[in-house]
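What the coordinates show
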Amino acid sequence: MRVWSIANQKGGVGKTTTAITLAGLLSMRGNSTLVVDMDPHGSLTTYAGYDPDNIEDSVYTLFHNPDVMIASVVKRTKFENLYILPASTAMATLDRQLGSRDGMGLILKRTFSRISSRFDHVLVDCPPMLGVLMVNALAACDHLIIPVQTEFLALKGLERMVHTLNMITRSMKIPIPFTIVPTMYDRRTRASQQSLQFLREQYPHMLSEALIPVDTQFREASRAGVPLPMMSPDGRGTLAYGALLDGLVEFDRALQYGQVKPHIRAAAS
Amino acid sequence: MRLHEISKLSRPVLEQEAALTVYLDALLQCVPDYDVTDSLVVEERSASSSVDPVTRVADVLDHEMRASAAGENPAVQGERALPGWATTSFKILLFRVNELTLAVPLSELNGIVAAPETITGLPGGEKWLLGLMPYRGSSVKIIDIAYFMATESRHLPMNSFSAYAPKNIVLAGGASWGFPCHDVLRIITTEPHQVRWRSDRQRRPWLVGIMNDPVCALIDVQAFSLDSMA
């Protein structure tokens, strides 16, 4: 089982879109895929047809009872091979309740070790703020995906994210490989082009070759509650995420077989 | 120094970087689950005194087991010696003592009988021995299983047969002893890999592992017998 977390400390950069679209593609390719919604806003949960304000078992349950039967927390979606561990609004209180307890950053990692034979891929959608939920998602992942909107304010958010990653790497003493994914790219705008150029210069080894374009179909897919690849298999956005997925899988395989050392794409410790 | 210790001393953390480092170090500290979750459980329990004591014990046992597993070498885990009955798939009987579900390997049992209304008490006997029950012309020692489930600090107030009010007696050890239960649930077939086996059984040698589905303590009757009847 491979765990990919999708995080950025800036909101609105395409984290949830990236999670659901990659998960849709993975499940369509026959992989048993679990998406985990770590954001109390519950966008991914809503996307999957559940109500984060009115859900019995969620990530919140898991944090309060790490031994809970996973089958009672993981929900089916209406799509084959695609499951969700949903969010609930109450997760917003977890930092206050658990944030000062030692070891609470490793709950998700332990949970995943219990379900490693059940799923091929787990994709974790992170909240945009640093806290116990994000730390859990980073500590549990084999590979971190950082979507970055190609505009200047988002670049600042990326800097902060890489800094956080550096600190977590220091605390865990294990490098976390990461890939930066430029999103909402519009080649007609100067801002997009300049941002991409900046990313290429600053993060040459961590940048995905695939660019995710601005595509109104993402919004339509979200409204319909269907991952874009299932709604529009040949759409521009689907093809871009398909190329991203190919690159991630290839890199991940190289990482697993030791052909790439994790620190090549990991934040310097 | 931990974050809460810093705040207790009222020393403001001037450097934001240091504050973050302290926060992350604490969150990512590899502490045994026992320490982490037990404190939560205790907090919840103090809010509700109606939580069944046997249920508490189930938590404690599981945490204790995971605490011992946390420190073990993964390489050793695979080589751990399993009981003879667990080398291939095996059948277990699930039964309930109050809200605690326990499991015993079927091959180690000698029968299940209806519990009598009373048994013969043994004044001055071992604390774990509830008394004697007649069975096919001989006496069966009835063991207070809850006594063994309890930790030293959390003994259960169930040291008499009448307090148990059991429905059945599960017989083992050639029907020379048995333990009372409130419900016989079912028999299931399980695989060795479906059990989290304990590596260190110096304490509670009869607790051989924890099953995940259903969540229950798996008891090695033989070890339990040797431990308790010696």
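Residues numbered from 1 in each chain as written. Chains lettered and ligands numbered in written order. Predicted model: local features only at pLDDT ≥ 70, side-chain atom pairs only at ≥ 80, totals over all residues. Heavy atoms only, no water.

Thoughts on the pattern of salt bridges
Under the criterion given, the structure shown has 7 salt bridges over all chains. For B:Asp183, the salt bridge is made with B:Lys167, and the minimal N-O distance between the two is 3.3 Å. In this pair, B:Asp183 is assigned in strand E8 (residues 183–190) and B:Lys167 in the loop between helix H7 (161–164) and strand E6 (168–172), connecting sequence segments 16 residues apart. Among the charged side chains, a salt-bridge network with shared partners connects A:Arg2, A:Asp142 and A:Asp252. (Salt bridge = Lys/Arg side-chain N within 4 Å of Asp/Glu carboxyl O. Helix = DSSP H or I, 4+ residues; strand = E, 2+ residues; numbered from the N terminus.)

Looking at the confidence of the model for chain B
All names here are of chain B. Across chain B, the average pLDDT comes to 67, with 58% of residues at 70 or higher. Scored below 50 in pLDDT, residues 6–14 shows 8 contacts in the model against residues more than four places distant or in partner chains. Within the model, pLDDT remains below 50 along residues 151–158, and this stretch shows 23 contacts once partners closer than five positions in the same chain are excluded. (pLDDT = per-residue confidence, 0-100. Contact = heavy atoms within 4.5 Å.)

Quick word on helix H1 (residues 15–28) of chain A
Residues and elements named next belong to chain A. Here H1 is 14 residues long and its end C-alpha atoms lie 20 Å apart, about the 20 Å a rise of 1.5 Å per residue gives. Of all 14 residues in H1, 12 are buried; the element is thus mostly enclosed. For H1, the complete set of buried residues consists of Lys15, Thr16, Thr18, Ala19, Ile20, Thr21, Leu22, Ala23, Gly24, Leu25, Leu26 and Ser27. Looking one or two residues beyond H1, the residue adopting positive phi is Gly30, at roughly 90°. (Expected span 1.5 Å × (residues − 1). Buried < 20%, exposed > 50% of the residue type's maximum accessible area, 1.4 Å probe, protein only.)

A short note on the sheet that holds strand E5 (residues 138–143) of chain B
Residue and element names in this part refer to chain B. Reading across the sheet, the 5 strands line up as E3-E6-E7-E5-E4 and stay open at both edges, with mixed pairing between neighbours. Because the sheet does not close on itself, it has two edges, and the strands there are strand E3 (109–114) and strand E4 (129–135). Here the strands of the sheet are splayed against their neighbours by 30° on average, with no regard to which way each runs. (Pairing = 2+ DSSP bridges. Axes fitted to C-alpha atoms, helices over the stretch in contact; angles between N-to-C directions.)

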